[in-house]
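Structure at a glance
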Amino acid sequence: MKNSILIAMLLLFPFLGILAQKTEELALTPPMGWNSWNKFGCDINEKLIREAADALVSSGMNKAGYEYIVIDDCWQIDRKPDGTIVVDQTRFPSGIKSLADYIHSKGLKFGIYSCAGRKTCQQRPGSNGYEVIDANTYASWGVDYLKYDWCNSEGINPVKAYTDMSRALANSGRPIVFSMCEWGSSRPWSWAQNVGHLWRTTGDIQDCWDCKRDWGGMGWTTILDLQVGLEKFAGPGHWNDPDMLEVGNGHMKYNEYIAHFSFWCLLAAPLMAGNDLGNMNDSIKNILLNRDAIAINQDKAGIQGKKVYDESDFEIWTKPLQNGDTAIIFFNRNERKFDFPALWEAAGIIGNLKVYDVWQHKNIGTTQQLKSFSIDGHSVLFFRLSK
Ligand code: GLA
């Protein structure tokens, strides 16, 4: 008897450890901000990051909810003999602390990037074996968000690697959102609920509808398809991350960016803009600043939307909202414009509800009045339904 209690305690011990480490009460709604990678890759420096922070405020995005400025890969260059990370002095001559101070002085939060492997994806020093030193360094700089990648991780156990950093962050004395970028390889949604606040579900997004790169990059509709079935794993403080936004990066049409953004809102995905904020035209601003769409993304119930109807190129997706409303997307995946029946019942919508158009920002009728829709090619209709 005594032995079985001992064995049970030994088995539970690592699990209790996992429960104890993540800083709770962070990311209770999907994180919103900007990250340098999708647009700038490794070509970053402190001036560019400061300007992104300035633009996040001057564009109105901060007021709309975007708060994190995250430097992705390529800010780090080496380690000192004592193990502390060395910042690339030519690109960040004032140091990371001063950049973090600047970002905080604008009322924003500051995020940084590292990797659970031995090196980052761009062959910079990774955090494997340096978790505690790095977490303490980040805390001393005022880091609020860590994106933690998975390159050069051969032979490393993902649960241990991400748990080690999660614990190091929790012990650093500073609340830091932990964004796991493990690409879905080990199905992190099934084990990371108490380890990270968000976890990538796929390889890297590309600025295209459905392209595929031989190294694993893919267009946003391919990523969308890979979210089916993951909805039950998301909720306040623990989100599926279908990767950062490509809105405004220039290789898709306006309608396609609207569809991409609408779906990221419906999926309760983190909204990390990935474009050049200082050079946005009004139509791109109009997408990223859509407060009706953002309200659906940031809904406090934190329910990830899901696909409820799928018939060749026509899909319907819904997301229940905290006040009893429902967000709904009618999706035309075909390149050509089509008329589609308004299949409310097939989508689980019962009764006569008011239909508010999230992109026109107005009521357009009721579910009983609206019997069909004409939807442009590669486009969505995005509605909020209420009693
Ligand atoms: C991986 C990640 C990307 C980005 C790059 C940086 O590919 O998935 O989001 O962080 O590394 O090297």
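As a starting point, this report considers the structure included with it. (Residues numbered from 1 in each chain as written. Predicted model: local features only at pLDDT ≥ 70, side-chain atom pairs only at ≥ 80, totals over all residues. Heavy atoms only, no water.)

1. A word on the site of the ligand
Surrounding the ligand, one finds Trp37, Asp72, Asp73, Tyr113, Cys121, Gln122, Lys147, Asp149, Cys181, Trp183, Arg200 and Asp204. Lysine 147 places a side-chain nitrogen or oxygen 2.7 Å from an oxygen atom of the ligand. In the model, an oxygen atom of the ligand is placed 2.5 Å from a nitrogen or oxygen of the aspartate 204 side chain. Alone, the ligand offers 300 Å² of accessible surface; in the complex the protein occludes 95% of this. More than half of the atoms of the ligand fall within 2 Å of the grid points belonging to the largest pocket. Residue classes in the shell around the ligand are distributed as 5 nonpolar, 1 polar and 6 charged. (Near = heavy atom within 4 Å. Polar contact = N/O pair within 3.5 Å; in protein donor to acceptor, adjacent residues only side chain to side chain. Areas by Shrake-Rupley, 256 points an atom, 1.4 Å probe, with all protein chains shown as cover. 1 Å grid on protein atoms, 1.4 Å probe; cavity = no way out; pocket = protein on both sides within 12 Å on 5 of 7 lines; lining within 4 Å. Sits in = over half its atoms within 2 Å of the grid points. Nonpolar A, V, L, I, M, F, W, Y, C, P; charged D, E, K, R; others polar.)

2. A look at the layout of surface pockets
Size it by volume and the largest pocket reaches roughly 370 Å³. Forming the boundary of the largest pocket are 22 residues, of which Trp37, Cys121, Trp183, Asp204 and Trp215 lie nearest the centre. (Points joined across faces, edges and corners; volume = space filled by probe spheres on them.)

3. So, the sheet that holds strand 8 (residues 198-200)
Pairing in this open sheet of 8 strands is parallel, and the strands run 9-8-7-6-5-2-1-10 from one edge to the other. Edge positions in the open sheet fall to strand 9 (239-241) and strand 10 (271-273), since each of these has one partner strand only. On average, each strand axis in the sheet is tilted by 25° relative to the strand beside it, whichever way the strands run. Bridge count between strand 6 (residues 145-149) and strand 7 (residues 177-180): 4 bridges; the pairing is parallel. Bridge pairing links tyrosine 145 to valine 177 in strand 7. (Pairing = 2+ DSSP bridges. Helix = DSSP H or I, 4+ residues; strand = E, 2+ residues; numbered from the N terminus. Axes fitted to C-alpha atoms, helices over the stretch in contact; angles between N-to-C directions.)

4. Overview of the pairing of strand 6
Along strand 6, 5 of the 5 residues are buried, which leaves the element largely enclosed by surrounding structure. Residues Tyr145, Lys147 and Asp149 line one face of strand 6 and the alternating positions Leu146 and Tyr148 line the opposite face, and both faces are buried. With 5 bridges joining them, strand 5 (residues 109-115) and strand 6 adopt parallel strand pairing. Among the inter-strand pairings, cysteine 115 is bridged to a residue of strand 6, identified as aspartate 149. You can see the chain leave strand 5, run along helix 6 (residues 131-141) and come back into strand 6, and the turn it takes is right-handed. Regarding the hand of the β-α-β motif, the stretch spanning strand 6, helix 7 (residues 158-170) and strand 7 is right-handed. (Buried < 20%, exposed > 50% of the residue type's maximum accessible area, 1.4 Å probe, protein only. Right-handed = clockwise from strand over helix to strand, strands pointing away.)

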